[in-house]
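Spelled out from the first residue to the last, the chains are:
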Amino acid sequence: MGSDLVGRVLIPGRAAGPLLLLDAPISFWGGVDPHTGVISDPRHPNHGVAISGTVLAVPAPIGSSSSSAIMLELLRNGTAPAGLLLGHNDGILVLGVIVARELGYPTIPVLELAPSALAQLPSGRSVSVTEGGSVCY
Amino acid sequence: MALRIVIEMARLMEARQLIPIASAHIDGCLYHGDGGVEFAERLVTLKGRVAVPTTLNVGALDLLAPHRVRSDPHHAAMSRRLMSAYVELGCQPTWTCAPYQVGHRPSLGQHVAWGESNAVAFANSVLGARTNRYGDFFDICCALAGRAPLAGLHLDANRRATVLVDTSAITPQLKQSAVFYPVLGTWLGATCGGDVAVIDGLPPDIPEDWLKALGAAASSSGAVGLFHVAGVTPEAPDVSTALGGQVPLRTVSLTPEIVRATRDRLSTTQGGRIDAVAVGSPHFSLEEFAQLERMSRGKRFSVPFYVCTGRQTLERLESTTGTADLVQRGIEIVVDTCVVVTPILPPSGGVLMTSSGKFAHYTPANTGYEVVYGSLEDCVASAEAGRVIRDESLWG
């Protein structure tokens, strides 16, 4: 632990886990299986990788407006990432976390980071997310 | 609860105020899991009622032909509960991803809150209405509140194109073909992500269905909520107006090589036997049915041929030309839902052919089928032969 990056806190909270930096933008609907937490789109470069328990760095959201619903189901099923780092907040993934909070499901911290900062994160390393929005590794 | 979510989202979107909306379109009625049902039923328990005219996107059931969907009892029961909850909230049971082709057409400059990525792209781009890409749950919250955060594509400054797309290297023949538009959209989404583009050099008389297909593909491969077509869409009488009189941040030129490569990427297999055909994403219009009827005259299909559409379109079809001829040729009309959101395709799996860029995008992950992309004519010829037949002459 030494390096820190500070992001904008969208949903506060603490998390720790291996960092998974996705190699391409993703649509959670049609891209992530809400039961298993595995990336299910065969065209995605990270196809077959589990996002559950990771600190997931998503360079950009694309595709379906149902991705918020997949996020909610991941949280409900216990298959969600431990934390979410967004290169761009389009208000869809974070919404799934807000609704989970309303329904009393476990929630996760969500930070927005500059895409250039996100791209430099060390995928695979253990990282932690602090209440104040720092990513430490 | 709905207003609390709207205010929280407004904070996250850095909106300083909420604005009244004229209508909403809700994507949250498709079953993805029990959490979504709990949310909708919570809103019903809280005596929620939409404050503006609100249409509903597809659900996970064909309510007019329930046998068509092979879902397990839990999936079917929860899908039905979810759809019922949204109707109880006062939404209209339209069950279509193309609400804009069954009468829900907000006017130029009107603020609305729409979900369903293709419908968002159409409302913004083709109608000139103003909506962000509202995710499931937020669309209904805005409908209940009658308000949306003043941010993103609701604001003039964010509707200006920053990317100029030059299509002058593409042949007029290809631009006059429906099959080009899902390919253009797929490339646009992958190239522009969420940036607003103005596309120059397309024919001024592009049918609405082609723009629908363009937007649906662009919002599948990217986060496109708005695109302009110079001389065609309402906020782009010309390139300069769409750019707001400014110099584009990027100019990209489409080439025949890019078009061919993008077309090929829409397919996961290129030839051979097919097991089914599916068209109608977004939902088929009456005009598209008329084209399919003409193309398929005298043919009998050797594989299942699914056409997905809205129930209102089916009613109009039944009251005009009828559907008997289509059914006799082997066409199955699916309403209220579609083949990539719920189990309808034969469980044996195989290869699906489609003329929809959106189906081509989502078929592999959502159905397990391999997919081949082609024109509607190609789909008809292939369905008759039981193997891929594509007219390659257009692609140079």
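Residue numbering note: each chain is counted from 1, following its sequence as written. The naming scheme follows written order: chains are lettered A onward, ligands numbered 1 onward. The predicted origin of the model limits local features to residues at a pLDDT of at least 70 and limits the giving and counting of side-chain atom pairs to 80 or more, whereas totals for whole chains, interfaces and linings rest on all residues.

(A) Expanded view of the overall build of chain B. Each helix is a run of DSSP H or I of at least 4 residues and each strand a run of E of at least 2, with the numbering of both proceeding from the N terminus. A tally of regular secondary structure across chain B gives 15 helices and 14 strands. The atom set for the radius of gyration is the C-alpha atoms, and the globule formula is 2.2 Å times the number of residues raised to the power 0.38. Against the compact-globule benchmark of 21 Å for 396 residues, chain B has a radius of gyration of 21 Å, which places it among compact chains. Along the longest, intermediate and shortest principal axes, the C-alpha atoms of chain B span 55 × 55 × 35 Å. Partly exposed residues are those falling between the two cut-offs: more than 12 but fewer than 20 other C-beta atoms within 10 Å of their own, whereas 20 or more means buried and 12 or fewer means exposed, with C-beta atoms placed from the backbone. Of all 396 residues assigned to chain B, the portion counted as buried reaches 56%. Residues are treated as contacting if the C-beta atoms built from their backbones sit within 7 Å of each other. Taking the contacts inside chain B whose residues are at least 6 apart along the sequence as the reference set, 80% of them involve residues at least 24 apart.

(B) Highlighting helix α1 (residues 2-12) of chain B. All of the buried residues along α1(B) are A2(B), I5(B), V6(B), E8(B), M9(B) and L12(B). Along α1(B), the residues classed as buried sweep out an arc of 165° about the axis, all on the same side. α1(B) presents R4(B) and R11(B) as exposed residues on the side facing more than 90 degrees away from its buried surface. Buried residues belonging to α1(B) abut β2 (8-11) and α2 (93-102) of chain A together with β1 (18-20), α2 (34-45), α5 (138-145) and β5 (147-149) of chain B. Just beyond α1(B), the residue with positive phi is E14(B), at close to 55°. Here the arc refers to the set of directions running from the helix axis out to each C-beta atom.

(C) Local environment of the sheet that holds strand β1 (residues 4-6) of chain A. Residues and elements named next belong to chain A. If you walk across this open sheet you meet the 8 strands as β1-β8-β7-β3-β4-β5-β6-β2, and the pairing is mixed. Edge positions in the sheet fall to β1 and β2, since each has one partner strand and no second. Along the sheet, successive strands turn relative to each other by an average axial angle of 30°, direction set aside. Pairing between strand β7 (residues 126-129) and strand β8 (residues 134-136): 2 bridges, direction antiparallel. Across the sheet, the residue bridging to V129 is V135, located in β8. Most of the contacts of α2 go to β2, to which it runs at about 50°, and overall it touches β2, β5 (83-86) and β6 (110-112). Two strands make a pair as long as DSSP finds a minimum of two bridges between them. Only the stretch in contact is used when a helix axis is fitted, and all axes are lines through C-alpha atoms; the angle between N-to-C directions ranges over 0 to 180 degrees.

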